[in-house]
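# Examination of the molecular architecture
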Amino acid sequence: RGVRQDRRGRSCAKHTSIPRPVEVEPRPAFLHRAGMGKAVRIQGSGGPEVLSIEGYECRHAGPGEVRVTVAAAGLNRADCLQRRGFYPAPPGAPKDIPGLEFAGIVSDVGEGARWSVGDRVMGIVAGGAMATELVVHGRELIPVPANLE
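To keep things clear, this report deals only with the structure shown in the data block.

Cut-offs applied
- Residues numbered from 1 in each chain as written.
- Predicted model: local features only at pLDDT ≥ 70, side-chain atom pairs only at ≥ 80, totals over all residues.
- Heavy atoms only, no water.
- Pairing = 2+ DSSP bridges.
- Helix = DSSP H or I, 4+ residues; strand = E, 2+ residues; numbered from the N terminus.
- Axes fitted to C-alpha atoms, helices over the stretch in contact; angles between N-to-C directions.
- Contact = heavy atoms within 4.5 Å.
- Phe/Tyr/Trp six-rings, centres within 6.5 Å; stacked < 30°, edge-to-face > 60°.
- Lys NZ or Arg CZ within 6 Å of the ring centre and 35° of its normal.
- Core = buried A, V, L, I, M, F, W, Y, C linked by side-chain atoms within 4.5 Å.
- Buried < 20%, exposed > 50% of the residue type's maximum accessible area, 1.4 Å probe, protein only.

### So, the sheet that holds strand β5 (residues 120-124)
If you walk across this open sheet you meet the five strands as β6-β3-β4-β5-β7, and the pairing is antiparallel. The sheet terminates laterally at β6 (133-137) and β7 (141-143), the two strands that pair on one side only. When strand polarity is set aside, the average angle formed by the axes of neighbouring strands in this sheet is 45°. Sheet topology note: the strand β3 (residues 65-73)/β6 ladder contains five bridges and is antiparallel. The partner of V68 across the bridge, within β6, is L134.

Structure below.
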């Protein structure tokens, strides 16, 4: 397996920029489909061998919520402790998908949320950030500063 590279030939493992928003024609909410995504899943307590990448169903953004296509997620001590079985996920957070910090692009907006499809955002959640898509309340997001690529 080769190392994945971006269009400039840089290794994605070392390249940490967040993609710029693309021109996206907003679609009515009923056209946004919940779909299959991929996520890091914790299969039990233990070392890295208990981690796998699996599909999961990502739901629609509800009222006040935003679905984000994740471009980057952080790995921290809490994630490692959760994998080892010493840090349970808080109520309401996915018990088998780690990740507390994320950055990405808004892909779906629920009624009443102040964000738009294509906005670059980042945030902190109780869990589930190590996935290709996640749904959060719009109040939990902040814009990615314009001077960050």
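### With respect to the environment of M36
Its place among the elements puts M36 in strand β1 (residues 35-42). Between the C-alpha atom of M36 and that of R59, which follows or precedes it by 23 residues, the distance is 8.9 Å. Ignoring sequence-local partners within four residues, the contact set of M36 consists of G55, Y56 and E57.

### Structural notes on the packing of aromatic side chains
This structure, assessed with the given rule, holds zero aromatic pairs. Residue placement shows R114 over the ring face of W115; its charged tip is 4.3 Å from the ring centre.

### Re the nonpolar core
Core analysis: the biggest nonpolar cluster contains 14 residues, and V66, F102 and L141 have the highest contact counts within it. In this view, L141 contacts V66, V68, F102, R114, W115, V121, M122 and V136; residues no more than four positions away in its chain are not counted. Residues A39, C58, I97 and V135 belong to the second largest nonpolar core, which totals six residues.

### A few points about the environment of A89
Relative to the elements of secondary structure, A89 occurs in the loop between α1 (77-84) and β4 (101-109). Overall, the relative accessible area of 18% leaves A89 in the buried class. Placed 10 residues apart in sequence, A89 and D79 show a C-alpha to C-alpha distance of 9.3 Å. The contact partners of A89, leaving out residues within four places of it in the chain, are Q82, P94 and K95.

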